Amino acid sequence: FADWGDTVVVTLYNGLENNGTGLHFHGIRQNYTNQMDGVPSITQCAVAPGDSITYTWRATQYGSTWYHSHFALQAWEGVLGGIIINGPATANYDNDMGLLFLNDWTHRTADEIYITAETSGPPTLDNGLLNGTNVYGDYGSRFNMTVTEGESHRIRLVNGAIDTHFKFMIDDHNLTVIAMDLVPIVPYTTSVLSIGMGQRYDVILNATETSGNYWIRAIPQTECSDNDNADNIKGILKYDSTDSTEPTTSAYSYTDSCDDEDVSDLVPYYALDASDDTTEDDFAVTVGKSSNLFKWFMAATTFVVKWDDPTLLQIYNGDTNYTTSSHVIELDTADEWAYFIIETTQAVPHPIHLHGHDFFILAQGSGTFNSSTTTLSLTNPPRRDVAMLPSSGHLVIAFQADNPGAWLMHCHIGWHTSEGFALQIVERYDEIAALIDYDTLNSTCAAWDTYATANSIVEDDSGV
């Protein structure tokens, strides 16, 4: 918890025996604090067992988000949690119910299943969780939330899944959406909310009933998510905490899809317009096999960086001979506008996440991008840090180069990040070295080098 404008200090100690780590604060802009972004291979070396690191950043945004490890698939072994930054809201409410995490779950570790994902494609997952709990067969327990009749309740939704796009609903109740990611929006009302991996939505539920229990549903979308317990990822909304009756309510109808909410509904409350582009890049997303392992490519490059040689260390040392696989896009001019066109001909949607920025969504739709026929929305378009690249479609995003640093952009499907679906943006190179705390960067790398050498550590994924 923090208040808007606070300075947040987090010390991470690695008490693991055999793994590195690093903590990313998802969606936090890190204005001029790139080194605090917590991404091994980009902004730091991996933190070695027995070592610690302190992150310090300013809460320049407010709303609901989360933190998670950015080391391999460690986030989905449980190294994640919520962040609430108190600030204004675009609609009034009576009660803050806190964060509600939507996660998928497997009965084997994510790292073990990654071997299957690499060789055979995305695996079918076993279950899903609401705030860390659910039932499976005769085991487990339901998530419960008790509300007060006639009052309004803010729920802060986070999709923390490794590979599941959810439709979220609460039977017989509408949801008023007031924020997407960390951007307040003009409120709109819906009965079903589409939420991709890494995305957040703040919603207000009005307790319009007088009694009874109602299903809270997180439904994996079969267009892009395979789950053996898909129709049973549910919690219970109660008007009386002592009522143990199982709900008999019915779900709202919905269309199975992995699309974002309609852009016409996602209107930022504080209006900002996008400017004409200074730099434009077009990235075709493809997948292929290398040594019989699936790898994802952006603009024909599959991303690989090293835990022991982060981009910030290279910049501090003046080494700009970036490898092809580190896929560096350089934006050198302060405040220039960059347009990124991301498109795919494959029938697989992807949640695209950019570190260090809220980007503007200028276009999002099916088919390949065509500059002569695709209309770009420049007047107060949606702003956020995760947006869906539609299946067999395109996504056009824009942002201003106003934050010096090395920033990762990647698909937030865990398997895809590890399989190379990423690139990095080196923004305003000439200003970055002066922002680096070299002693901390160097000591973290030295501790990692000692550990990795002694234990013959071999990196087997993209490095992020």
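Note that this is a predicted model, so its numbers are computed, not measured.

Calculation rules
- Note that residues are indexed from 1 along each chain, following the sequence as it is written.
- Local features in a predicted model are, by the rule used here, given only for residues with pLDDT of at least 70; side-chain atom pairs are given and counted only at 80 or more, and totals for whole chains, interfaces and linings are based on all residues.
- The basis for every side-chain value is the complete set of heavy atoms in the structure, and neither hydrogens nor water enter the calculation.
- To count toward a patch, a residue needs a relative accessible area above 30% and no salt bridge. Like charges then connect within 9 Å, nonpolar side chains (Val, Leu, Ile, Met, Phe, Trp, Tyr) within 5 Å.
- Here the open area of atoms and residues is found with the Shrake-Rupley method and a 1.4 Å probe, where only the protein chains shown may cover a residue.
- The term salt bridge refers to a side-chain nitrogen of Lys or Arg lying within 4 Å of a carboxyl oxygen of Asp or Glu.
- His is not counted, nor are the chain ends, whereas Lys and Arg count as positive and Asp and Glu as negative.
- Here the site of a charge means NZ on Lys, CZ on Arg, CG on Asp, or CD on Glu.
- Going along the chain from the N terminus, every DSSP run of H or I of four or more residues is numbered as a helix, and every run of E of two or more is numbered as a strand.
- Each residue's exposure class comes from its accessible area (1.4 Å probe, protein chains only) as a fraction of the maximum for that residue type: buried when under 20%, exposed when over 50%, partly exposed otherwise.
- For this quantity, the arc is that covered by the directions from the helix axis to the C-beta atoms.
- Classification of ring pairs uses Phe, Tyr and Trp, with its six-membered ring standing for Trp, and accepts pairs whose centres are within 6.5 Å; under 30 degrees between planes counts as stacked, over 60 as edge-to-face, and the remaining range as tilted.
- UniProt positions are given in the numbering used here, feature names are shortened, and annotations may be inferred rather than shown by experiment.

A. Broad picture of a negative patch on the surface. Among the surface-exposed residues, Asp 308, Asp 309, Asp 319 and Asp 449 lie close enough to one another that they form a single negatively charged patch. Here Asp 319 lies in the loop between helix H2 (311–316) and strand S22 (328–331).

B. The arrangement of helix H1 (residues 110–120) in detail. The complete set of buried residues in H1 reads Ala 110, Ile 113, Tyr 114, Ala 117 and Glu 118. Here the buried residues of H1 occupy an arc of 155° about the axis, which is enough to place them on one side. With respect to the buried face of H1, the exposed residues turned more than 90 degrees away are Ile 115 and Ser 120. Just downstream of H1 lies Gly 121, where phi reads positive at about 95°.

C. View of the packing of aromatic side chains. In the structure shown here, the tally under the stated rule is twelve aromatic pairs. Between Phe 25 and Tyr 55 the ring centres are 5.4 Å apart and the planes differ by 75°, which places this aromatic pair in the edge-to-face class. Within this pair, whereas Phe 25 is found in strand S3 (residues 23–26), its partner Tyr 55 is found in strand S4 (residues 52–58), the two being separated by 30 residues in sequence. This pair shows no difference in class: Phe 25 is buried, exactly as Tyr 55 is. On the numbers, 5.9 Å between centres and 85° between planes, the contact of Trp 307 with Trp 448 is edge-to-face. Here Trp 307 is found in the loop between strand S21 (293–298) and H2, whereas its partner Trp 448 is found in helix H5 (residues 438–454), with 141 residues between them in sequence. Trp 448 shares its class with Trp 307; the two are buried. An aromatic cluster of three or more residues is present, and its members are Phe 71, Trp 307, Trp 448 and Tyr 451.

D. Summary view of the pattern of salt bridges. What the rule picks out here adds up to eleven salt bridges. Between Arg 154 and Asp 202 there is a salt bridge, with its nearest N and O atoms 2.5 Å apart. Here the residue Arg 154 occupies a position in strand S12 (residues 152–159), and Asp 202 occupies one in strand S17 (residues 200–206), the gap between them amounting to 48 residues. A relative accessible area of 5% places Arg 154 in the buried class.

E. Looking closely at the UniProt feature "domain: Plastocyanin-like" (unreviewed entry) in the protein chain. As annotated by UniProt and renumbered to match this structure, "domain: Plastocyanin-like" (unreviewed entry) occupies residues 2–88, 99–240 and 307–428. For residues 99–240, helix accounts for 8% and strand for 49%, while the C-alpha atoms at its two ends are 21 Å apart. For residues 307–428, helix accounts for 9% and strand for 43%, while the C-alpha atoms at its two ends are 23 Å apart.

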